[in-house]
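Secondary and tertiary structure notes
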Amino acid sequence: MVEKPSRTHYASDITPERDGERAELLGWVHEVRDLGGIKFILLRDVSGICQITVRKKELGERAADEIKDLGFEDVIWVRGVVKRQPKARLGVEVVGEEIRVLAKAERPLPYDITGKVPANIDTRLDHRVLDLRKPENKAIFLIASTALKAIREFLRERGFIEVRTPRIIATATEGGAALFEVNYFGRKAYLAQSPQLYKEQLTTVFERVFEIGTFFRAEESHTRRHVSEFTSVDIESAFMDYRDVMEVLENLIAHVHRRVLEERERELNLIGVELEVPKTPFPRYSYDELVEELRGMGEDIEWGQDFGTPHLRRLGEAHKGYYFITDFPTESKPFYIQPRRDKPEVSESFDLMYEWLELASGGTRISDKALLERRIREQGLNPESFKEHLKVFGYGMPMHAGWGLGFDRLMMVLTNRWNIREVILYPRDVFRLTP
RNA sequence: GCCCUGGUAGUAUAGUCCGGUUAGUAUACGGGCCUGUCGAGCCCGUGACCCGGGUUCAAAUCCCGGCCAGGGCGCCA
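Residues numbered from 1 in each chain as written. Chains lettered and ligands numbered in written order. Predicted model: local features only at pLDDT ≥ 70, side-chain atom pairs only at ≥ 80, totals over all residues. Heavy atoms only, no water.

Relative to strand β4 (residues 75-84), strand β1 (residues 22-34) runs antiparallel, the two being bridged by seven bridges. Considered in β4, the bridge of E24 is made with R79. The hairpin formed by β1 and strand β2 (residues 38-45) contains three residues between the paired strands, and G36 there has a positive phi angle of roughly 100°. (Pairing = 2+ DSSP bridges. Helix = DSSP H or I, 4+ residues; strand = E, 2+ residues; numbered from the N terminus.)

Structure (structure tokens):
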């Protein structure tokens, strides 16, 4: 049987106030500085990093021998005494009495994780697990974990039920976006690009539903904000319109900021981010207003055409922070978006922007079966392939609205990262399928 | 899918325009010295021009093709 090592303290428990306590720690060798007669080991565990100091003379022969060859990322067990130490940067250290190497790491490691030499994103992703051990990279995902928790607690408090919809589907949900094909027992199937139709159906059961899930797009995008596998936060609610769900969304975003600030101050400091809770309500601008604004800037834009990236970048310069774009032309939106009754050429729709980055998109959905069928046809799609979905609209479909939020993009904003791949543990894009 | 830029030790880079000694530096790695380091320091050492073709007396350097990477556009979250 493998001997189970014991632990009495985590690295973050090693504080000057605990001077004199006996401690046993487990972790990875983050750094070693060997001065000959004295050796400093930085031990890293899930909680953080602490300094272990060992004096060769005071250490037994066996223990001294054990750590003679200590290298980066070796797993060690340490027993010693906590000592207040003004000479150490953290003001405290553990004077090691016994050290055992539990697992050796190979060397040289593919790249330096202490940050002395930078690495390209590609190299980092090739050795992702090592990369994630860097405290500032780990911090991103601790923040993500808090953000996910905050989203769940916020939505549950407001009566939303967490659901899970299929990833393997028979037909394209919205047309347009390229889907990955799957061989499903000899039949053609696809990986879901969104839970859209399922979450709409489920509002007739649970009224308010949400899902946090992974979805897929087979677009060959070469940008720093697109990947082929991404995490989406989706909500859908019966008896709400787009104004109602925009309110849910902006309050959710503010709540996530608040929680991350409360629980991840240390991680935010580590990555050098000064987060603020955004003021609600977020500014709302209609598509029409922004078309005028862009024209005022000298941009050539035809009414009805969706904003291109250059347009969004200009808008992002003019509008800092979060804002909504509302009432998009019906033509530019998916078939299930409700056209405005008073002005059918625009729709009850919105995008949530952070400067130039699109974070979420949503709207009131069509609940009238005949209208939905007509819209499917108008978009050049075949109602026959949506018959499973359409039949639900004959069973009593209330008005409803919802949105989908790109969680990874929200993480880019929260952590101020340049590339979406940095906020995904194991990103998948056109070129990357491993690790 | 289209466009731009790039590929030099494990990692990150200089050198490439304007072809010509031993391809420089940092870090990592190996050896040595060192009892207060915290980007530890000092000495010694190992280690690289993406692949193929062409031009040339001579190619890391110029040309062509391929592969790989970063990014922009399109599309979208």
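Take P135: it is sitting in helix α4 (residues 135-157). The buried category is assigned to P135, whose relative accessible area is 17%. Once you skip the residues sitting within four places of it in the chain, P135 turns out to touch H30, I49 and L270. (Buried < 20%, exposed > 50% of the residue type's maximum accessible area, 1.4 Å probe, protein only. Contact = heavy atoms within 4.5 Å.)

In the region of RNA strand B, 51 residues are neighbours, and R33, R55, K87, T309 and R409 sit closest. When the atoms of RNA strand B within 4 Å of the protein are sorted by group, sugar and phosphate make up 57%. Here a base nitrogen of RNA strand B and a side-chain polar atom of R225 are 3.1 Å apart. Measuring from a base nitrogen of RNA strand B, one finds a backbone N or O atom of V227 at 2.7 Å. Of all elements in the fold, only β1, β2, β3 (48-55), α2 (121-126), α9 (309-318) and β17 (357-365) reach the threshold of two or more residues within the surface near RNA strand B. Across the surface near RNA strand B, the residue classes break down as 19 nonpolar, 13 polar and 19 charged. (Near = heavy atom within 4 Å. Polar contact = N/O pair within 3.5 Å; in protein donor to acceptor, adjacent residues only side chain to side chain. Nonpolar A, V, L, I, M, F, W, Y, C, P; charged D, E, K, R; others polar.)

For the coordinates displayed, the defined rule picks out twelve aromatic pairs. With 5.1 Å between their ring centres and 10° between their planes, F282 and Y322 make a pair best called stacked. Residue F282 is located in the loop between α7 (265-270) and β12 (284-286), and its partner Y322 is located in strand β13 (residues 322-326); the two are separated by 40 residues in the primary sequence. Centroid distance Y287 to F328: 5.9 Å. Interplanar angle 45°. Geometry classified as tilted. (Phe/Tyr/Trp six-rings, centres within 6.5 Å; stacked < 30°, edge-to-face > 60°.)

Judged by how many residues are buried, strand β16 (residues 349-354) sits mostly within the fold: five of six residues are covered. As defined by bridge partners, β13 adjoins β16 across five bridges and the pair is classed as antiparallel. In the strand pairing of β16, I325 is matched with D351. Pairing between β16 and β17: six bridges, direction antiparallel. Within β17, the residue paired with Y354 across the bridge is L357. Hairpin connection of β16 to β17: two residues between the antiparallel strands, including E355 at a positive phi of 55°.

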